[in-house]
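Below are the chains, spelled out letter by letter.
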Amino acid sequence: MTTLLALVLAAAVIPDVSSFTLDNGIPVITRTVPGDVEGLSVFILGGTRVRTPEDQGMEALALEAAMAGGGEFPGERWREVMDRTRAELTGNYNYDFSRLHLRCLSEDLSLLALGLARCLGDPELSPESVQRVKRQALANLRLEAADPDDRVWLVCNEGFMPPGHPYLLRPDGTLESVEPVTSEDMR
């Protein structure tokens, strides 16, 4: 048991971590890891705590659609930059926050960070990207509804949480909350 505790404590100490706050009040945490691959994560505090039953899933939909391009990186150009750099951009949408993670070569980080910032700050939200994101979200929700293991989790979650608890809402939304979403709702 003592050895296990020592290993856990050693793993909890992360070297080369620093933090600061941008002029606009956004906190930044950095960690330096030697190598040629960079990672940049953007955490957005929100999740189901800031959603209602009618708009649950909106955060995931809007961020996924925004990642299709924005600002001086409209869809086609953003896809070309992502393909040329072979970068990876993923999103995770949770009950308390959403996370976008960019992984790329060090030499491409500044360009890709600028593109990510433009996608978030001035998303294109083209009708095609919005429809693609909605179709995929609805397909995933239909698959989940048909999967017995997923259904059990949903039923158990409803049994554990008191009425009105934000964790009763779904980060991915429901068929009823996702279907009517428009580009303007996402904006």
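The model shown is predicted, which means the values in this text are computed figures rather than measured ones.

(A) The sheet that holds strand 3 (residues 37–45), seen in detail. Strands sit in the order 3-5-4 across an open sheet of three strands; the sheet is antiparallel. Across the chains shown, the open sheet's two edge strands, defined by having one partner strand only, are strand 3 and strand 4 (88–93). The mean inter-strand angle of the sheet, taken between neighbouring strand axes irrespective of direction, is 15°. Here six bridges tie strand 4 to strand 5 (residues 97–105), and the two strands are oriented antiparallel to one another. Each bridged residue has a counterpart across the sheet, and for Tyr93 the counterpart in strand 5 is Ser98. The strands touched by helix 4 (residues 109–121) are strand 3, strand 4 and strand 5; relative to strand 5, the strand with the most contacts, the crossing angle is about 150°.

(B) Here's a closer look at a nonpolar patch on the surface. Taken together, the side chains of Phe20, Leu22 and Ile26 define a hydrophobic patch exposed on the protein surface, amounting to about 260 Å² of accessible area. By the element assignment, Phe20 lies in strand 1 (residues 17–21).

(C) Structural view of the environment of Leu114. Inspection of the secondary structure assignment puts Leu114 in helix 4. On a C-alpha basis, the gap between Leu114 and Met161 in space is 40 Å, while along the polypeptide they are 47 residues apart. Setting aside residues up to four positions removed in sequence, Leu114 forms contacts with Glu72 and Phe73.

(D) Representation of the packing of aromatic side chains in the model. Applying the stated criterion across every chain yields a total of three aromatic pairs. Ring centres of Phe43 and Phe97 lie 5.6 Å apart, and the angle between their planes is 55°; on these two criteria the pair is classed as tilted. Taken as a pair, Phe43 in strand 3 and Phe97 in strand 5 lie far apart in primary sequence, 54 residues in all. An angle of 80° between the planes, with centres 5.7 Å apart, marks the rings of Phe73 and Trp78 as edge-to-face. Classification of Phe73 by relative accessible area gives buried; the value is 1%. Using a relative accessible area of 2% as the deciding quantity, one classes Trp78 as buried. Its end group placed over the ring of Phe73, Arg77 keeps NZ or CZ at 4.4 Å from the ring centre.

(E) Examining the nonpolar core more closely. Counting 16 residues, the largest nonpolar core has Met67, Trp78, Ala87, Leu100 and Leu112 as its most contacted members. Elements represented by at least two residues in this core include exactly helix 2 (58–66), helix 3 (75–85), strand 5 and helix 4. Those residues in contact with Trp78, other than ones at most four positions away along the chain, are Met67, Ala68, Gly69, Phe73, Leu89, Leu112, Gly115, Leu116 and Cys119. Counting residues in hydrophobic clusters, the runner-up holds 13 residues, among them Ala62, Leu125, Ala137 and Met186.

(F) Looking closely at unusual backbone geometry. A positive phi angle, close to 60°, is found at Arg86, a residue other than glycine. Within the secondary structure, Arg86 is located in the loop between helix 3 and strand 4. A positive phi angle, close to 50°, is found at Leu125, a residue other than glycine. Assignment of secondary structure puts Leu125 in the loop between helix 4 and helix 5 (127–146).

Cut-offs applied
- Residues numbered from 1 in each chain as written.
- Predicted model: local features only at pLDDT ≥ 70, side-chain atom pairs only at ≥ 80, totals over all residues.
- Heavy atoms only, no water.
- Pairing = 2+ DSSP bridges.
- Helix = DSSP H or I, 4+ residues; strand = E, 2+ residues; numbered from the N terminus.
- Axes fitted to C-alpha atoms, helices over the stretch in contact; angles between N-to-C directions.
- Contact = heavy atoms within 4.5 Å.
- Patch = residues over 30% accessible without salt bridge, like charges linked within 9 Å, V, L, I, M, F, W, Y side chains within 5 Å.
- Areas by Shrake-Rupley, 256 points an atom, 1.4 Å probe, with all protein chains shown as cover.
- Salt bridge = Lys/Arg side-chain N within 4 Å of Asp/Glu carboxyl O.
- Phe/Tyr/Trp six-rings, centres within 6.5 Å; stacked < 30°, edge-to-face > 60°.
- Buried < 20%, exposed > 50% of the residue type's maximum accessible area, 1.4 Å probe, protein only.
- Lys NZ or Arg CZ within 6 Å of the ring centre and 35° of its normal.
- Core = buried A, V, L, I, M, F, W, Y, C linked by side-chain atoms within 4.5 Å.

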